[in-house]
Structures are given as C-alpha cells and as structure tokens.
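So the chains spell out like this:
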Amino acid sequence: KAAAQANQAGVGMDNYLAYIATMVEATREAPENIGTSLKTIMSRMQQIKTGENTEDDTDVNQVETALTSVGIALRDTNGELRDLEEIFDELGPKWNNLDRNTQAYLGTIIAGTRQQSRFIAMMSDYERTMELVNAANNSAGSS
C-alpha cells in the first residue's frame, strides 16, 4: 500500500517491512490496515504548507513543530526533508523516555487521530523494529 511512498520518503524496504511487522505484532491488525497507516504517517510527515517561506526557519508543518519540541529536525541543513528512516531512528530511542502527554502529542500530530495507536505501538517497541531491520540486513544472501 505504501511501498512507493516509503521509497520517496527515504525509507528502505527492510525498514518499511520492519515497521509493518512491529505494528502487526503489537496491534494484531491486518497488514493492509498497517500499510494504510504508514501511508498516512509518511504523507503527514512530508506535507508542506503552501505559501510558506521555508528558508527563514519557518516550520513547514505541524510535524516539524512537534519533532522540534523533542530535539529532532525534520529538515536537513539545506532545508530539505530528511529521510523518514533517519527521523524514526532518532525518535525511537527517545520515545520511552518521553512522558505520556508528549507521546500522545507526537502520536496525534505525526499519525493523526485514527493512526495514533499504531504509530505509538511501533515507537513504544522500537527496539523490536531495529531487531527486525538487523535480521533482514544480516540475512542478505543467506538463501
């Protein structure tokens, strides 16, 4: 459902599949529901306000404001959107040290009300996500 969008957002196939697997394990929902969820999350993170001048440190969207509140940049030094894989890799280790209100705020802004629980499930067990990514990376050529 969102593989092409994941690629566009800078998420490799191993990470994309690990995100799906972690969410499915935590929520027991069908993978197609999780795919829709990831599509929404990636779209929200890459949405840029029209008419905004992004060269003067103006936030490009609410996600950037939320991420900045926990010390994570949505854009690189050139003002370009960073790969979402990198952003998740920065947010994941911080997640369990954030208070519940901050987690709820980030979940709602990044994923939206309908996808919030799925995103929080992935972030709450980000170690598992990284386990799956590492397993995929280490299995290259083993077949």
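Nothing here was measured: the structure is a model prediction, and the numbers come from that model. (Residues numbered from 1 in each chain as written. Predicted model: local features only at pLDDT ≥ 70, side-chain atom pairs only at ≥ 80, totals over all residues. Heavy atoms only, no water.)

Participant: Any chance you could explain the overall build of the protein chain here in plain terms?
Facilitator: Looking only at helices and strands, one finds 8 helices and 0 strands in the protein chain. Written out in order from the N terminus, the α and β elements of the protein chain read α-α-α-α-α-α-α-α. The 143 residues of the protein chain split such that 38% are buried. For the protein chain, contacts bridging at least 24 residues in sequence account for 57% of all contacts bridging at least 6. (Helix = DSSP H or I, 4+ residues; strand = E, 2+ residues; numbered from the N terminus. Buried < 20%, exposed > 50% of the residue type's maximum accessible area, 1.4 Å probe, protein only. Contact = heavy atoms within 4.5 Å.)

Participant: Sorry, what's going on with the side chain of Ser-37 here?
Facilitator: Looking at the secondary structure, you find Ser-37 in helix H3 (residues 31-46). Sequence-distant contacts of Ser-37, defined by excluding residues within four places in its chain, comprise Gln-115 and Arg-118.

Participant: What is the right way to look at unusual backbone geometry in this model?
Facilitator: Peptide bonds are trans in most cases, and residues, glycine excluded, mostly fall at negative phi. A positive phi angle, close to 65 degrees, is found at Arg-28, a residue other than glycine. With respect to the helices and strands, the residue Arg-28 is situated in the loop between helix H2 (13-27) and H3. Looking at Arg-28, the relative accessible area reads 69%, which means it is exposed.

Participant: Would you explain H2 in this entry?
Facilitator: Every α-helix carries 3.6 residues per turn, so stepping three or four residues along brings you back to the same face. Taking 1.5 Å as the rise per residue, H2 with 15 residues should run 21 Å; its terminal C-alpha atoms sit 21 Å apart, in good agreement. Residues Asn-15, Tyr-16, Ala-18, Tyr-19, Ile-20, Thr-22 and Met-23 constitute the buried set of H2. Of the residues flanking the end of H2, it is Arg-28, one or two places downstream, whose phi is positive at about 65 degrees. (Expected span 1.5 Å × (residues − 1).)

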